[in-house]
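# What the coordinates show
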Amino acid sequence: MSQVTAARRFGRTGTVFWTGVVVVVAVFFAGAWQRRWIADDGLIVLRTVRNLIAGNGPVFNAGERVESNTSTLWTYLIYGVHEIVGYRLELVVLGVALTLSMLAVVFAMLGTRVMYRGTRRAPAGGPMVLLPFGVLVYVMLPPARDFATSGLETGLVICWIGAMWLGLQLWARAPHREGRFGLPTPGTAAIAFLAGLGPLVRPEMALAAAAFLALMAVAHQSWRHLGWLVVLAGTVPVVYQLWRMSFYALPYPLTAVAKDAGGSKWDKGAEYLWNLLSPYVLLVPLTAVLVAGLVALWARLAPRPGNPLLPLRIRYPHPGSGSRGTVADLRGADGGGDGGGADAHDADAHDADDHDGDDHDDDDEGGRLPRLRRRARSTPVVTIVFLVVALVMLLYVIRVGGDFMHGRVLLPSLFLLLLPVSVVPLPVGPASGSAEASVRRVAVPAIAAAWLVVVGWAVTVQVTENPFREEPESITSAGIVDERQFYIQRTGHRHPLLAEDYLDFPRMRALVNDVTRNRTGAVFLPVPGFQDRWDVVSYDRPMPGLAPFELPEEPVKTVVFLNLGMTSMNLPLDVDVYDTVGLASPLAAHTDRMEDGRIGHDKFLPYDWVLARTGVVEDPVNFPRWIDVNWVNQAEVALQCPATQALIESYTAPLTLERRWSNVVNAFSYAEYRINRIPAYEVQRCGLPMPEEVEKYQGTR
């Protein structure tokens, strides 16, 4: 097929495709904008960015090297964009999240277009229109719209997945070429580098990155070319990993320790999956997508010449044969259609380049291994790898118990599963023969019917789902909640975007007022059973170097509260903010999970540990009446456990060269270290002397 013919063919059907892209992006953007918000967890990210801007480093509390953000790349991306544009952080994170979410669906549709139709240089298949299909399921799903903003890294995750899908589909179509010294082409180098960023996008994306890089590694290439791919993909993540271990003394973010990402809670994971499938009758469009995908696959594999739904058929040389092998449509074998000649010519160049780029390291050039390596770089193999990754990611999410936010951690798996059918092909023009006509009579109505089912489901969801429900949003028995709806109702803001919007959350405004008024330094604890009161446990002695009743210039203030993001973003950076579940509190993260606890909140460090660590009170009379002084005394002793002291020093001691080396050596052991949240049991575990019990003072506070 000539270049002119190819251009005309792409031009006739390309308008439909690009119209679909514009419509999908517009619909997704409108839905995401209607539901715009920033979650409390999204504000946690911004606290770290604030510390970066202030020169305190990538930490949550100044003076403690704690990585409280799951996505490293997301943190530095927000920081970098803020340094360029200078807008307030909430608006920066909103704009970046929306942009990446929109790009993700564009990449998905473009990648599937390449899968079906090839490229201008290597067109495949007959004339067809590509209609938005599986991507509609994703963009119409309310949780997908919720987390297109939210301040969390979901948009970055799916954008990375979409970019890898497009990149690897292009890689599968392109001929293998190597430059001097085995250097890869710019496109291949970019794909390898992007794949290597997977663990920095989210730790579990290392699974996907490993699969994508393994595919590129087994493809036919010279050893020098493979070496360059390893360097390109591995340099950034390996260097950052070594820096992370030396700085944070952990091999992964503290959030992974807090949530015990290696643990298993299959029953909760299954319940979490059903919590996404059930409200939107999601099995209906997924079934339609599956049926359409299977029909398209059957049409693709139908044993007949000239298949417009068959973008690529591969013929490989047999050992000892004189054939070099071709990549061509079957219709090219009998002269039918309009794509065979060009595909065959490009394939010959592909094989020739493979041969030229090889250093003749294979002893048996016509053997089985070289053939298998050539097959790795093909559209079917790339597509299968993505589907396998989708299933692995889905099983991983179910295994760890899902999440407490409705649907959030299932979105990447869903996005991966829908990629091969993000658009669906329908052939245009007359059939080339009776065999093709027979296949069309089955395939076209089936695919069209599935498309109508998906569109009908999408319209139904749009009409029936109210983004601002009036009925109270409550946490389910499994601990799952529609996080956006929950915060809308608790703050009274339809779009809680700014940190000050969360001042209307229970306790927040009272906390800010108490912290602002305090001049002595204190620990601020939420009063159980009250929505607007805090216990201000002030220091009952002068600070070191101060005379009695002399006020410190920089009072030490510490706040402990579950909702870490809104608390930390509404307070100055010189106020230390901790939670009880371990996202920013290392001691809490290093406790054991509570059986049957709420997922993501199944660790709890009693407030006594913070009171013991800060030493805020010397006279038991000054403790709140609901605090047991014996627990505080026991926690003070437990903190002297040598292993616990080593852990604390790993993230608080001055960062000398010796400390960095010690942190790298001990990072994995620190990650596995656990303490008992009950102070008396921890004293016993460490073999320390139990402090004498004192009579609990029932004061008047």
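A brief look at the structure comes next. Small disclaimer: the values here were computed from a predicted structure and weren't measured. (Residues numbered from 1 in each chain as written. Predicted model: local features only at pLDDT ≥ 70, side-chain atom pairs only at ≥ 80, totals over all residues. Heavy atoms only, no water.)

## A closer look at the overall build of the chain
- If you tally the helices and strands in the chain, you get 28 helices and 8 strands.
- Considering the chain as a whole, with its 701 residues, one finds that 57% of them fall into the buried category.
- Across the chain, the fraction of contacts at a sequence separation of at least 24, relative to all contacts at a separation of at least 6, is 74%.
- If you sum the accessible surface of the chain, you get close to 29000 Å²; carbon and sulfur atoms cover 62% of it. (Helix = DSSP H or I, 4+ residues; strand = E, 2+ residues; numbered from the N terminus. Buried < 20%, exposed > 50% of the residue type's maximum accessible area, 1.4 Å probe, protein only. Contact = heavy atoms within 4.5 Å. Areas by Shrake-Rupley, 256 points an atom, 1.4 Å probe, with all protein chains shown as cover.)

## So, a nonpolar patch on the surface
- Residues Ile-84, Val-85, Tyr-87 and Leu-91 make up a contiguous nonpolar surface patch of about 440 Å² in total accessible area.
- A relative accessible area of 56% means that Tyr-87 is categorised as exposed. (Patch = residues over 30% accessible without salt bridge, like charges linked within 9 Å, V, L, I, M, F, W, Y side chains within 5 Å. Salt bridge = Lys/Arg side-chain N within 4 Å of Asp/Glu carboxyl O.)

## A closer look at the pairing of strand E8 (residues 575–578)
- Of the two faces of E8, the one carrying Val-575 and Val-577 and the one carrying Asp-576 and Tyr-578 are both buried.
- Summarising the sheet, strand E7 (residues 557–560) and E8 pair through 4 bridges and their orientation is parallel. Counterpart to Val-559 in the pairing with E8 is Val-577.
- Since E7 and E8 lie parallel, the crossover through helix H22 (residues 564–569) that links them has a hand, and here it is right-handed. (Pairing = 2+ DSSP bridges. Right-handed = clockwise from strand over helix to strand, strands pointing away.)

## A look at the side chain of Ser-413
- Structurally, Ser-413 is set in helix H18 (residues 411–418).
- A relative accessible area of 2% places Ser-413 in the buried class.
- Those residues in contact with Ser-413 that sit more than four places away from it in its chain are Ala-390, Met-393, Leu-394 and Val-397.

## So, unusual backbone geometry
- With a phi angle near 70°, Ser-150 is a residue other than glycine that sits in the positive phi range.
- By the secondary structure assignment, Ser-150 is in the loop between helix H6 (142–146) and helix H7 (154–173).
- Despite not being glycine, Phe-181 has its phi angle at roughly 65°, a positive value.

## With respect to the pattern of salt bridges
- A full pass over the atoms with the stated rule returns 20 salt bridges.
- A salt bridge links Arg-593 to Asp-602; the shortest N-O distance between them is 2.9 Å.
- On the accessibility criterion, Arg-593 (18% relative accessible area) is buried.
- Looking at Asp-602, the relative accessible area reads 1%, which means it is buried.
- A salt bridge links Glu-649 to Arg-659; the nearest nitrogen and oxygen atoms lie 4.0 Å apart.

## Topic: the state of the cysteines
- Considering all chains together, one arrives at 1 disulfide under this definition.
- Residue Cys-641 pairs covalently with Cys-686 via a disulfide, S to S 2.3 Å. Between Cys-641 and Cys-686, the S-S torsion sits near -90°, and that sign places the bridge as left-handed. Of the two residues, Cys-641 is situated in the loop between helix H25 (629–638) and helix H26 (642–652) and Cys-686 in helix H28 (residues 679–686); the sequence distance between them amounts to 45 residues. (Disulfide = S-S within 2.5 Å.)

## Topic: the environment of Thr-13
- Relative to the helices and strands, Thr-13 is located in helix H1 (residues 3–34).
- Residue classification places Thr-13 among the buried residues on the basis of a relative accessible area of 6%.
- Between the alpha carbons of Thr-13 and Pro-127 there is a distance of 7.4 Å; along the sequence they are 114 residues apart.

## Digging into H26
- Within the span of H26, buried status applies to Thr-644, Leu-647, Ile-648, Ser-650 and Tyr-651. For H26, the buried positions fall inside an angular range of 150° around the axis, keeping them on one side.
- Buried-residue contacts for H26 involve helix H11 (223–248), helix H23 (586–589), helix H24 (607–614), H25, helix H27 (657–672) and H28. (Arc of directions from axis to C-beta.)

## Structural notes on helix H10 (residues 205–218)
- Compared with an ideal rise of 1.5 Å per residue, which puts 14 residues at 20 Å, H10 spans 20 Å between its outermost C-alpha atoms and is within 8% of the ideal.
- Every buried residue of H10 is accounted for by Met-205, Ala-208, Ala-209, Phe-212, Leu-215 and Met-216. For H10, the buried positions fall inside an angular range of 125° around the axis, keeping them on one side. (Expected span 1.5 Å × (residues − 1).)

## Here's the deal with the sheet that holds strand E6 (residues 534–538)
- Read from one edge of the open sheet, 4 strands run E6-E5-E7-E8, paired in mixed fashion. The open sheet has two edge strands with one neighbour each: E6 and E8. Pairs of neighbouring strands in the sheet enclose a mean axial angle of 20°, with direction left out of account.
- Where helix H21 (residues 508–517) meets the sheet, its contacts fall on strand E5 (522–526), E6, E7 and E8, and the angle it forms with E6 comes to roughly 20°.
- Lying over the sheet, H24 contacts E5, E6 and E7, oriented at roughly 175° with respect to E5. (Axes fitted to C-alpha atoms, helices over the stretch in contact; angles between N-to-C directions.)

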